[in-house]
Amino acid sequence: MNRRYDIDALRVLAFALLIAYHIGMVYVADWGFHFKSPQQWEWLQWPMIAVNRWRMPLIFLVSGLALGLTVKPGRLLAFTGRRTTRLLLPLAVGIVAVVPIQAYCEAVSNNAVAPGFFDFMLRYLQFRPWPEGGFAGAAFGFTWNHLWFLPYLWLYTILLLALLALAYARLRSLMWIGKILPGRWPTGVLISLPILYLFSGLYWLEPRFQATHALFDDWFSHAIYLPMFLFGFAVARSEPFWRRIDRLLPVSFSLAILTLCLIIGLRLGVRQLSETGLIALADWNWMAISRGTQAAYQWCALLAILGAAQRWLNRPWNWIPRANAVVYPWYILHQSLIVPLAFYLTPLRLPHALEVMLVAAGTVGGCLLITELFLRRSRWLRPLFGMQ
């Protein structure tokens, strides 16, 4: 297959959206985060709801697509080594040198530690458990915060490569993947089966296993992200799948808009109900209605995004190679700029819009300067931040 520029572009745009989303988490009302500005907007919940259900599944889906387009059956061991280095080395560096500033700001804002980053780092680098309530991950003695994506992606990649190695050793071919997996599903199955699966996860697993991002006990997250990753790998080279989602784009886009409107309408409707009305919702199985709508929206939005990207982004854009090369460094750095910027700006009591602009500009500018002035110029620093 020719180079899939749309997958490269989707990867960049998905992580750019992630950065914007994390900036929004500082200012959205009633949603928890490592640090919250006193100045918060309730209306910000609506655009964030619109992307919340599919933003991380999209990243895992794109990661699976990228793996499916690049892995070579005869070089699985070498590929495993490269992926391990590219994912776990930045994770270790991030835990030790990048993420602690977030933990410090969170702990100080929670009145769990006294101000003084140097003293905090001396204690943090001992990797001993902290009292609960200081910062996310304190009970483990360290935190990886937003870098949880790296160990998850590494685990999923290792599991998949192990299965491929076993299958290739037995069959000497991986062509069966394109014949029996999602690329050749009938259209009705392609739309309905994933929705039913996502609904089962949202309805039965999520209430019992809240997302922890701690890897070992995060059953709901694994139930969503691992299948997305595997699905992406399975359809990466399937020409029937890509032709079908191109034809389905008007349908998937319309269904995504319809289900999003239903989600917003349901939320607005619930807010208007009295206590008696809320009790009556139990007779209608409100949870099933809500989770079913969310599942339909999540999957239709993903299909629409893939179809739109294939139709309009699959061309050699000049910005793709350079942007694609710095996705990991920007991902690793961004939240460790967002949190301290907000932490040190909020006491100044700046106008709300000005504070948001400074946090956003400082995050983008900081990622740009660190990447261009230091990481790109050093062959020793590049692998520490996931760059080739």
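Residues numbered from 1 in each chain as written. Predicted model: local features only at pLDDT ≥ 70, side-chain atom pairs only at ≥ 80, totals over all residues. Heavy atoms only, no water.

Digging into the overall build of the chain
For the chain, the count of helices and strands is 17 helices and 0 strands. Against the compact-globule benchmark of 21 Å for 388 residues, the chain has a radius of gyration of 22 Å, which places it among compact chains. Overall, the chain is about 65 × 60 × 40 Å in size when its C-alpha atoms are taken along their principal axes. By the burial criterion, 49% of the 388 residues in the chain qualify as buried. As displayed, the chain has an accessible area near 19,200 Å², and 67% of this comes from carbon and sulfur atoms. (Helix = DSSP H or I, 4+ residues; strand = E, 2+ residues; numbered from the N terminus. Rg over C-alpha atoms; globule rule 2.2 N^0.38 Å. Buried < 20%, exposed > 50% of the residue type's maximum accessible area, 1.4 Å probe, protein only. Areas by Shrake-Rupley, 256 points an atom, 1.4 Å probe, with all protein chains shown as cover.)

Quick word on a nonpolar patch on the surface
Nonpolar side chains collect at one region of the surface, where L369, L373, F374 and L381 lie side by side and expose about 370 Å² of accessible area between them. Here L373 shows up in helix α17 (residues 352-375). Note on L373: relative accessible area 44%, which makes it partly exposed. (Patch = residues over 30% accessible without salt bridge, like charges linked within 9 Å, V, L, I, M, F, W, Y side chains within 5 Å. Salt bridge = Lys/Arg side-chain N within 4 Å of Asp/Glu carboxyl O.)

Quick look at the nonpolar core
By size, the foremost hydrophobic cluster in this structure holds 119 residues, and its most contacted members are F60, F120 and F149. Here this core takes 13 residues from helix α1 (residues 5-27), the largest share from any one element. The residues contacting F149, other than those within four sequence positions of it, are F15, M56, I59, F60, S63, Y328 and Y331. (Core = buried A, V, L, I, M, F, W, Y, C linked by side-chain atoms within 4.5 Å. Contact = heavy atoms within 4.5 Å.)

Quick look at the pattern of salt bridges
Across all of its chains, the model carries 7 salt bridges by this definition. Between R291 and E206 there is a salt bridge, with its nearest N and O atoms 3.0 Å apart. You can see R291 sitting in helix α14 (residues 286-312) and its partner E206 sitting in the loop between α9 (187-205) and α10 (219-235), a full 85 residues away along the chain. The pair formed by R291 and E206 is uniform in burial state, with each residue classed as buried.

Focus on the packing of aromatic side chains
For the structure on display, the rule yields 33 aromatic pairs. When the centroid spacing of 6.2 Å and the interplanar angle of 35° are considered together, the rings of F60 and W148 count as tilted. Of the two residues, F60 is situated in helix α3 (residues 55-70) and W148 in the loop between α6 (117-124) and α7 (149-171); the sequence distance between them amounts to 88 residues. Taken individually, F60 and W148 each receive the classification buried, so the pair is uniform in this respect. Put simply, the rings of F35, Y104, F117, F120, Y124, F127, W130, F135, F142, F343 and Y344 touch in pairs and so form one group of aromatic residues. In this structure, R11 is placed above the aromatic ring of Y328, and the distance from its NZ or CZ to the ring centre is 5.1 Å. In this arrangement the basic side chain of R311 is found over the ring face of W312, its NZ or CZ atom lying 5.7 Å from the centre. (Phe/Tyr/Trp six-rings, centres within 6.5 Å; stacked < 30°, edge-to-face > 60°. Lys NZ or Arg CZ within 6 Å of the ring centre and 35° of its normal.)

Structural notes on the packing of helix α5 (residues 100-109) against α6
It is at 10 Å that the axes of α5 and α6 come closest, and there the two elements cross at 115°. Relative to α6, α5 is oriented roughly perpendicular. The chirality of how α5 crosses α6 is right-handed. Contacts from P100, I101, A103, Y104 and A107 of α5 reach α6 at F117, F120, M121 and Y124. Of the residues contributing to the contact of α5 with α6, the split by class is 9 nonpolar, no polar and no charged. (Axes fitted to C-alpha atoms, helices over the stretch in contact; angles between N-to-C directions. Parallel < 35°, antiparallel > 145°, perpendicular 65-115°, else oblique. Left-handed = near helix turned anticlockwise from the far one by under 90°. Nonpolar A, V, L, I, M, F, W, Y, C, P; charged D, E, K, R; others polar.)

Considerations on the packing of α1 against helix α2 (residues 45-52)
The interhelical angle for the contact between α1 and α2, taken along N-to-C directions, is 140°, at an axis separation of 11 Å. The angle between α1 and α2 falls in the class oblique. Both α1 and α2 take part in a crossing whose hand is left-handed. Residues L17, Y21, G24 and M25 of α1 lie in contact with α2, whose contacting residues are M48, V51 and N52. Tallied by class, residues from the contact of α1 with α2 come to 5 nonpolar, 2 polar and no charged.

That's the geometry; what it means functionally is another story.
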